[in-house]
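One-letter residues, chain by chain:
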Amino acid sequence: MPIRVLQPEVAMKIAAGEVIERPASVVKELVENSLDAGSTQVTVEVRGGGTQLIRVTDDGGGIPADEVDLAFRRHATSKISGLADLQSVNTLGFRGEALPSIIAVAEISLLTRTRTELAGTYVAFKRGMMVEQGSRGCPEGTTVTVRHLFATVPARLKFLKASSTEVSHISQLVTQYALAYPQVRFSLLIDGRDVFRAPGSGKLLDVVAQLYGLETAKQMIEIDRRSREDKDGVRVWGCVSPPSITRNNRTYISLFVNRRWVQNRRIAVATEEAYRGMLQVGRHPVVVLNVELPPTDVDVNVHPAKGEVKFTREDEVFDAVYRPIRAVIVGSSSVPAMHLPAEVRRQDGASAPPAAFDAGGWTTSLTTDRRDDRAEARSPQTQEVVCGLPVLRVVGQLGETYVVAEGPDGMYLIDQHTAHERILFEKIRRQLEESRVQSQGLLEPLLVELTPSQGDRLESNLSTLASGGFEVEAFGSNACLLRAVPWLLQESNPKDAFVAILDELSAGSATLEWKEKLAMTLSCHGAVRAGQTLTLDEMRELIKQLEKTNLPRTCPHGRPTMVHLSSSLLEKEFGRR
Ligand code: ADP
Ligand code: MG
């Protein structure tokens, strides 16, 4: 076929396809226009999954009669006037592409009136042409109605999912905007049904309550921090769930950059990292986060629908997101209750030397000595907020699996394996940071048989394994000899741990660095198992060491190390109250 310039109509449809991918894209563009127009009320109506009808009504500034024509012209916008403005856009739209794109793929009509005009203006387009224009009475604001979306683009129509899927995309979108603009009264009507109403009170938690329920809203923790005080600082505000509230997918994590709903891997990772070690694998937090920074530091122009953004100061943004969330999450960790009784706290500041292992062993941990240990236990980079344990007195062991302990408010059952895992994990991670993992030479080298892919991995990870305390030597083509193993594995089965680490080093999460993986696997294999009898002294030592960890309440995989039966619960159960 010879080269030909496409007919304008065809070119337009192709270009429109980039902006208008599905019904939700239309809703997005129209809602963004309403928000840019300063609306306080935005109503979205959808029929037939959006292909039959989408109508967005707002009470914003409206379009002056003599500009209505222009609004439908490609690259016509009231939001920027030159290249310089592109650097500092603070509106959601700026390309002047939405309305002309919609004309190319649907029938559209618009009714609008500004505050100073007496009558409104009406225009309608069909098959890319204006078919009607005139003036009509209407309230201040704008109503855009889009009908028969993609009717002339059968290929696109074919690829649309079931109307319920399209509807869920649309509700997701509207609710996200409601979270980003708590002062706007959004309502969403699907096939005549009222499915969502945002209160428009200006309070984020009111929207969260409406969306995720009052109980969740009550427990959310609000944050508002600036990375630094000058005008270039990154402000991060919103609310995050405590580790006790989780969901099994990421749709409850809403991220906005300068009030724009975005996908940005760095922010998403920073958010989930902040919960590291606190949530079970596969669980995700509920988060609504606004990142605000000077528009010059964000590029929103990288994606046709502006769903992705880029930062000029990625690391600063990462930190600005990670730190405040981490601080409140670690501080809020409330299972079990963690208040030290008053008399204990008084002793905490005393400078007396460590008491002997007396009074049931539990006063030892109350001296300043413990504080120093803890400070040391914190890795220098992360500067965790320490969340201590209550003072615990060991009572005994249950089912060779749990340590029974008494605390200031009732009974605590500590899982000996997960607790020990937490202890070892932090210890090993620290040793890895300081490259001083203790290794233990074996009297007899251990022969480990390897699959070809394990062999490959071994070769590329030799130095990693060496820093983890494994001294390995090749032995033929499909085996190796273990000459030394990490010290803490000497009592368990080092061969199994070694193979598990080999497998782990190539698989799994891309965000976990090898030190983390190594520490996790080593601690899991090195920790005491359920079914192992512990002496009272061993149990006391376990609790003592657990107290010194940064995150004593969860194992490295996020499982709890303990459960708490409060005194009041016991009283209630025994009918004492
Ligand atoms: P953009 O939003 O990128 O400027 P659009 O094609 O979405 O481009 O809209 C073109 C122009 O029409 C906008 O710049 C704005 O001036 C006007 N406009 C569109 N929708 C509305 C609305 N709901 N209220 C007021 N003005 C609007
Ligand atoms: Mg727009």
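Here the residue index of a chain counts from 1 through its sequence in written order. Each chain takes a letter, starting from A, and each ligand takes a number, starting from 1, following the order in which they are written. Reporting of local features is limited, given that this is a predicted model, to residues whose pLDDT is at least 70; pairs of side-chain atoms are given and counted only at 80 or more, and all residues count toward the totals for whole chains, interfaces and linings. Water and hydrogen atoms play no part in the side-chain values, which are based on all heavy atoms of the structure.

### Thoughts on the side chain of threonine 418
Stated formally: Here a helix means four or more residues in a row that DSSP labels H or I, a strand means two or more in a row labelled E, and each is numbered from the N terminus. Pairs of residues are marked as contacts when any of their non-hydrogen atoms sit within 4.5 Å.
Tracing the chain through its elements places threonine 418 in helix 14 (residues 416–433). Look past the residues within four positions of threonine 418 in its chain and what remains in contact with it is Cys555, Arg559, Pro560 and Thr561.

### Observations regarding helix 15 (residues 452–460)
Filter applied, for reference: Partly exposed residues are those whose accessible area sits between 20% and 50% of the maximum for their type, while under 20% is buried and over 50% is exposed, using a 1.4 Å probe and protein chains only. Think of the arc as the fan of directions from the helix axis to the C-beta atoms.
Of the positions making up helix 15, those classed as buried are Gln454, Gly455, Arg457 and Leu458. End-on, the buried residues of helix 15 take up no more than an arc of 165°, which puts them together on one face. Every exposed residue of helix 15 that faces more than 90 degrees away from the buried side is listed here: Pro452, Asp456, Glu459 and Ser460.

### Focus: the sheet that holds strand 17 (residues 402–407)
This is how the line gets drawn: For two strands to pair, DSSP has to find at least two bridges joining them. Working convention: axes come from line fits to C-alpha atoms, limited for helices to the stretch in contact. Angles between N-to-C directions cover 0 to 180 degrees.
Ordered in space as 16-17-18-22, the four strands form an open sheet in which the pairing is antiparallel. What marks the edges here is a single partner per strand, and that holds for strand 16 (393–398) and strand 22 (562–565). Taken pair by pair, the neighbouring strands of this sheet meet at an average axis angle of 25°, ignoring direction. Summarising the sheet, strand 16 and strand 17 pair through five bridges and their orientation is antiparallel. Note that in strand 17 the partner of glycine 396 across the bridge is valine 404. Contacts from helix 14 reach strand 16, strand 17 and strand 18 (410–415) within the one sheet, and its direction differs from that of strand 18 by about 70°. Along the sheet, helix 19 (residues 536–547) makes contact with strand 16, strand 17, strand 18 and strand 22, crossing strand 16 at roughly 120°.

### Remarks on the pattern of salt bridges
The line we're drawing: Should a side-chain nitrogen of Lys or Arg be within 4 Å of a carboxyl oxygen of Asp or Glu, the pair is scored as a salt bridge.
Within this structure, the stated rule accounts for 26 salt bridges. The partner of glutamate 541 in a salt bridge is lysine 544, and the shortest N-O contact between them spans 3.9 Å. A residue pair is termed a helical-turn pair when its members lie 3 or 4 positions apart in one helix, as glutamate 541 and lysine 544 do in helix 19 at three residues. For lysine 544, a relative accessible area of 23% gives the class partly exposed. What emerges from the salt-bridge pattern is a single network uniting Asp224, Arg235, Arg259 and Glu292.

### Here's the deal with the packing of helix 10 (residues 265–273) against helix 11 (residues 314–332)
Selection rule: An angle counts as roughly parallel when it lies under 35 degrees, as roughly antiparallel when it exceeds 145, as roughly perpendicular when it falls between 65 and 115, and as oblique in every other case. Crossing handedness is defined as follows: a turn of the near helix away from the far one that is anticlockwise and smaller than a right angle gives a left-handed crossing, while the clockwise case is right-handed. Each residue is assigned to one class: nonpolar for Ala, Val, Leu, Ile, Met, Phe, Trp, Tyr, Cys and Pro, charged for Asp, Glu, Lys and Arg, and polar for all the others, Gly among them.
Where helix 10 meets helix 11, the closest approach of the two axes is 8 Å, and the angle between their N-to-C directions is 25°. By the angle between their axes, helix 10 is roughly parallel relative to helix 11. Both helix 10 and helix 11 take part in a crossing whose hand is right-handed. Here Arg266, Ile267, Val269, Ala270, Thr271 and Glu273 of helix 10 lie close against helix 11, whose contacting residues are Glu314, Asp315, Val317, Phe318, Val321, Tyr322, Ile325 and Arg326. Grouping the constituent residues of the contact of helix 10 with helix 11 by class yields eight nonpolar, one polar and five charged.

### A closer look at the confidence of the model for the protein chain
Inclusion rule: Looking at any residue, its pLDDT shows the predictor's confidence there, from 0 to 100.
On average, residues of the protein chain score 82 in pLDDT, and 85% of them are at 70 or above. Taken together, the stretch residues 335–386 has pLDDT below 50 and engages in 75 contacts with residues farther than four places along the chain or on a different chain.

### Some remarks on the nonpolar core
The cut-off we apply is this: We call a set of buried residues a nonpolar core when its members are Ala, Val, Leu, Ile, Met, Phe, Trp, Tyr or Cys and they connect through side-chain atoms within 4.5 Å of each other.
Counting 61 residues, the largest nonpolar core has Leu30, Val44, Phe72, Ile108, Val146, Phe186 and Val208 as its most contacted members. Beyond its immediate sequence surroundings of up to four residues, valine 146 is in contact with Val26, Leu30, Gln52, Leu53, Ile54, Ile102, Ala106, Glu107 and Ile108. If you look at the next biggest cluster of nonpolar residues, it comprises 36 residues, including Ile80, Val300, Ile325 and Ile329.

### Comments concerning the sheet that holds strand 12 (residues 260–261)
A sheet is described by the order of its strands in space; here five strands give the open sequence 9-10-13-11-12, paired in mixed fashion. Of all the strands in the sheet, just strand 9 (221–226) and strand 12 have a single pairing partner and so form its edges.

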